[in-house]
There are 2 protein chains.
Amino acid sequence: MSCQPLRTEEHKKEIMAVQDSMDVLNGKWKISIISSICYYNKRRFSDILNDVTGISNKMLSKELKELEINKLIKRTVLDTQPITVQYELTQHGKSLQTIINNLKDWGIKHRKEIIGNTSEPIEENALAENTI
Amino acid sequence: MSCQPLRTEEHKKEIMAVQDSMDVLNGKWKISIISSICYYNKRRFSDILNDVTGISNKMLSKELKELEINKLIKRTVLDTQPITVQYELTQHGKSLQTIINNLKDWGIKHRKEIIGNTSEPIEENALAENTI
DNA sequence: CCGTATCCCCGGGGATACTG
DNA sequence: CAGTATCCCCGGGGATACGG
């Protein structure tokens, strides 16, 4: 986001755009799900259920639906017996790789920043549950 | 995130790093708050309260605290009468600019992708409330 | 196998009032 | 001005069971 003075209208639009991205990626599971599909290229429902530790079928179903609405993944029903469903990233979904990579890099940097400098407690925050 | 096969351990760490970033930025207000401070360079509590339309003092207080814990902003109490408090971005906070910019760009791209291609309804999702 | 339906609980977060 | 305290509601999301 530009921090130079500019018309407030424009500024608000920028914030909206950032929020749009955040909304798409938000939720405890989205990143992990995308990651799972991305990692294996094509992946079935029950597989993802196993990949993403802790997620319930209800949540997985919901998150997948949202990802599909946002055109990040493509759902294909295979007429096996019983039917299986395959998920894969769309081109649009793949375009997320860059941004996810950026988030990853900053996340690593952040972790160093927080843990490195002081031994201050981190609260129940971001790093609290993940540290080490 | 790398989608080439690699050890699962490594893969999980990458996802954690992405989640760390997401956690820091998460919450309806964080981006707007950062943006407000960034835009004006230094900003007082009540000013931010006005900048970010819809936020309550309780939420602002809470979010600012989290941002401070994560070392993205610096809090300074000025001994005016009555006291005022000034917030500004730290160096670490400023390092977010790049990533926020990336999120902004992808957000714009995403909006085009969703609205552009079809006239499909977008549900209660991301764009639903912000569109136009 | 791939989900949907139902129940239920807990905490995020708004409104309002109060303090240093 | 810069927060805290309190009350209260609503929905996110877990557990479990069921349907195509």
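Residue numbers here run from 1 along each chain, matching the order of that chain's written sequence. Here the convention is simple: chains get letters from A, ligands get numbers from 1, in the order in which they are written. Selection of residues for local features in this predicted model requires a pLDDT of at least 70, selection of side-chain atom pairs for listing and counting requires 80 or more, and totals for whole chains, interfaces and linings are taken over all residues. Excluded from the side-chain calculations are hydrogens and water; all other atoms, namely the structure's heavy atoms, are used.

- The name given to chain A in an unreviewed UniProt entry is Transcriptional regulator, HxlR family, with the source organism recorded as Chryseobacterium arachidis.

## Some words on the side chain of A:Gln19
Item 1. Mapped onto the elements of the fold, A:Gln19 is located in helix α1 (residues 8–25).
Item 2. In this description, contact between two residues means that some pair of their heavy atoms is separated by no more than 4.5 Å. Here A:Gln19 is in contact with B:Lys28, B:Ile31 and B:Ser32, once residues within four sequence places are set aside. Helical segments are the DSSP runs of H or I of at least four residues, strand segments are the runs of E of at least two, and each set is numbered from the N terminus.

## Notes on the environment of B:Leu60
Item 1. Mapping B:Leu60 onto the fold places it in helix α4 (residues 57–69).
Item 2. Taking C-alpha positions, B:Leu60 is 12 Å from B:Ser36, a pair spaced 24 residues apart along the chain.

## A look at the pattern of salt bridges
Opposite charge on two side chains lets them pair, provided their charged atoms get close.
Residues and elements named next belong to chain A.
Item 1. Put simply, a salt bridge is a Lys or Arg side-chain nitrogen that is within 4 Å of an Asp or Glu carboxyl oxygen. Counted according to the given criterion, the structure contains 16 salt bridges over all chains.
Item 2. One salt bridge in this structure joins lysine 42 and glutamate 88, with 3.2 Å as the shortest N-O distance. With lysine 42 in strand β1 (residues 42–44) and glutamate 88 in strand β3 (residues 84–89), this pair connects stretches of sequence that are 46 residues apart.
Item 3. Buried residues are those whose accessible area, probed at 1.4 Å on protein chains only, stays under 20% of the maximum for their type, while exposed residues exceed 50% and partly exposed ones sit between those limits. Using a relative accessible area of 42% as the deciding quantity, one classes lysine 42 as partly exposed.
Item 4. Its salt-bridge partner being aspartate 105, residue lysine 104 comes within 4.0 Å of it at the nearest N-O pair.
Item 5. For lysine 104, a relative accessible area of 13% puts it in the buried group.

## A closer look at the sheet that holds strand β2 (residues 73–78) of chain B
Residues and elements named next belong to chain B.
Item 1. Paired strands, as defined in this entry, are two strands with at least two bridges between them according to DSSP. Taken together, 3 strands build an open sheet; the order of strands is β1-β3-β2 and the sheet is antiparallel. Whereas interior strands pair on both sides, the edge strands pair on one side only; in this sheet they are β1 (42–44) and β2. The mean angle between the axes of side-by-side strands here comes to 30°, regardless of whether they run parallel or antiparallel.
Item 2. Pairing analysis gives 6 bridges linking β2 to strand β3 (residues 84–89), with the strands arranged antiparallel. Angles shown run from 0 to 180 degrees and are taken between the N-to-C directions of axes, each axis being a line fitted to C-alpha atoms and, for helices, limited to the stretch in contact.

## With respect to the pairing of β3(A)
Residue and element names in this part refer to chain A.
Item 1. Counting buried residues in β3 gives 6 out of 6 residues, a clear majority hidden from the surface.
Item 2. Going residue by residue along β3, you find Thr84, Gln86 and Glu88 tucked away on one face and Val85, Tyr87 and Leu89 tucked away on the opposite face as well.
Item 3. Here strand β2 (residues 73–78) folds back onto β3, and the loop between the two strands holds 5 residues.

## Quick notes on the protein's contact with DNA strand C
Item 1. One heavy atom within 4 Å of a molecule or strand makes the whole residue count as near it. Neighbouring residues of DNA strand C: 20 residues in total, closest A:Ser46, A:Ser61, A:Arg75, A:Tyr87 and B:Lys58.
Item 2. Close to the protein, within 4 Å, the atoms of DNA strand C are drawn from sugar and phosphate at a rate of 62%.
Item 3. Here a phosphate oxygen of DNA strand C sits 3.1 Å away from a polar atom, N or O, in the side chain of A:Lys65.
Item 4. For this analysis, a polar contact is any N or O atom pair within 3.5 Å, provided that within protein one partner can donate a hydrogen and the other can accept it, and provided that sequence-adjacent residues contribute only side-chain to side-chain pairs. Separating a phosphate oxygen of DNA strand C from a side-chain N or O atom of B:Lys62 is a distance of 3.3 Å.

## Quick word on the packing of helix α2 (residues 30–40) of chain A against helix α4 (residues 57–69) of chain A
All names here are of chain A.
Item 1. The N-to-C vectors of α2 and α4 enclose an angle of 75°; their axes lie 10 Å apart at closest approach. Judged by the inter-axis angle, α2 sits roughly perpendicular to α4. Of α4, the residues touching α2 (which contributes Lys30, Ile33, Ile34 and Ile37) are Leu60, Glu63, Leu64, Glu66 and Leu67.
Item 2. For this classification, Asp, Glu, Lys and Arg are treated as charged, while Ala, Val, Leu, Ile, Met, Phe, Trp, Tyr, Cys and Pro are nonpolar and the rest, including Gly, are polar. Considering only residue class, the contact of α2 with α4 consists of 6 nonpolar, no polar and 3 charged. Should an angle fall under 35 degrees it is called roughly parallel, over 145 degrees roughly antiparallel, and 65 to 115 degrees roughly perpendicular, with every other angle called oblique.

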